[in-house]
Amino acid sequence: MCGRTCLTLSPDDVCRACQYSGGSGGAKKKVQPTWRSEYNLGKTYNPSYNIAPTDVSPVLVSEAHFEEEGDSGKQVLVPMMWGIVPFWHKGEHNTHGLTTNNCRLENLMNSKLYKRSFMNGQRCVIVCEGFYEWKTTQKAKSSERDVFFIYRPQVDGVKIEDKSTWKPEEVDLLKMAGIYDVWTNESGDTLYSYTVITFQSNKTLSWMHDRMPAILDSQEKIADWLDYKRISPEDALKLLKPTDSITWHQVSRLVNNSRNKSEECNNPIKRETKSPIKSKMMQSWLQKSGKTKPTRDEEDAESPVEAKKPKLEVTDEEAGSSGPSE
DNA sequence: CCAGACGTTGTT
DNA sequence: GTCTGG
DNA sequence: CCAGACGTTGTT
DNA sequence: GTCTGG
């Protein structure tokens, strides 16, 4: 599932962080998406460690949706509300009564709510530093579930939760595939809103939750997902596959309350001590089996495996934005 | 033809 | 229990 | 996703 | 608005 995200960059910095190789002709140059602020009933984007449904956050879309003769390969950032308001909805924007913060990929193509937007090319990419996931538990109340912050592996030295260790130009933001819609009220005011596409989790995350967002893990996939004139809906769907290019750490339950916007929200906490009984059993079992360390599978896979860190090298994507400077 | 749904989650 | 707000 | 409300009256 | 169920 995906019910809370984190994005703390200013609009300008989000633009910098979303630099992509674009432009026409053979010589692709690095360009930044432009910031396109819509009225959205007066709702605006506020950088936050704790973004919840109904909040507004920036998403990438093709410029061609807005410019008459726009290049569908060009990207723009548009603040939109999380949770689609169906374009046919009558009344206040918040009275449709449907849960639309996520769209199950399995249901997309026979959904009355999402299919039209999708076939219409209204694809978007939700941008964030990471998202929060509550571990599915049988016994605990929802308020007692373990919470994790999930994000892209960063280059050496960058700690995503410590903004003093990185700059917008070098951070690797998490990008999720979504669908957006445009709603107009009786007065003719428009509201842009989006949903995050989800599917069944792969092994990397299924121990935590059975659903995960459709993460786009390369610049090419992002460009293809957004360019609705070049890539058909059918081909766009093929881009959505579970990724292993993610990592995570446990965070405090401060994030449970969406009013808590503290930067502590995405800070790692020490793993909760297991019950003494289980801990003792584990220790003696480890001694018997002569192991020094439990393997990933043996300890519930609750910490990310190594070897997911990207190599620090200058690729076409990164040329022009070097690593830590100064 | 009209009426009614249109969505997702977790948990008892 | 269920819906709305953040 | 979780938290918090869930209601009405008359009067400062 | 559009689709399904009756």
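Computed from a predicted structure; not experimentally measured.

This part covers the side chain of arginine 152. By the element assignment, arginine 152 lies in the loop between strand 11 (147–151) and strand 12 (174–184). According to the relative accessible area criterion, arginine 152 is buried, its value standing at 11%. Side chain to side chain, arginine 152 and aspartate 172 meet in a polar contact 3.2 Å long. Setting aside residues up to four positions removed in sequence, arginine 152 forms contacts with Asp172, Leu173, Leu174, Asp217, Ser245 and Thr247.

Next up on the list: the sheet that holds strand 5 (residues 48–51). Strand order across the open sheet formed by five strands is 5-1-10-11-15, with antiparallel pairing between neighbours. On the outer flanks of this sheet lie strand 5 and strand 15 (247–251), each paired with one strand and no other. When strand polarity is set aside, the average angle formed by the axes of neighbouring strands in this sheet is 25°. As paired strands, strand 11 and strand 15 are joined by five bridges and run antiparallel to one another. Following the sheet pairing, phenylalanine 148 is matched in strand 15 by glutamine 250.

As a further point, take the state of the cysteines. This structure, assessed with the given rule, holds zero disulfides. Here cysteine 6 stays unpaired: no disulfide links it, and the sulfur of cysteine 128, its closest cysteine neighbor, is 7.7 Å away. Overall, cysteine 6 belongs to the buried group, its relative accessible area being 0%. In this structure cysteine 128 is a free cysteine whose sulfur lies 6.8 Å from that of cysteine 2, the closest cysteine sulfur available. The exposure class assigned to cysteine 128 is buried, which follows from its relative accessible area of 0%.

Thresholds, definitions, all that
Residues numbered from 1 in each chain as written. Chains lettered and ligands numbered in written order. Predicted model: local features only at pLDDT ≥ 70, side-chain atom pairs only at ≥ 80, totals over all residues. Heavy atoms only, no water. Helix = DSSP H or I, 4+ residues; strand = E, 2+ residues; numbered from the N terminus. Buried < 20%, exposed > 50% of the residue type's maximum accessible area, 1.4 Å probe, protein only. Polar contact = N/O pair within 3.5 Å; in protein donor to acceptor, adjacent residues only side chain to side chain. Contact = heavy atoms within 4.5 Å. Pairing = 2+ DSSP bridges. Axes fitted to C-alpha atoms, helices over the stretch in contact; angles between N-to-C directions. Disulfide = S-S within 2.5 Å.

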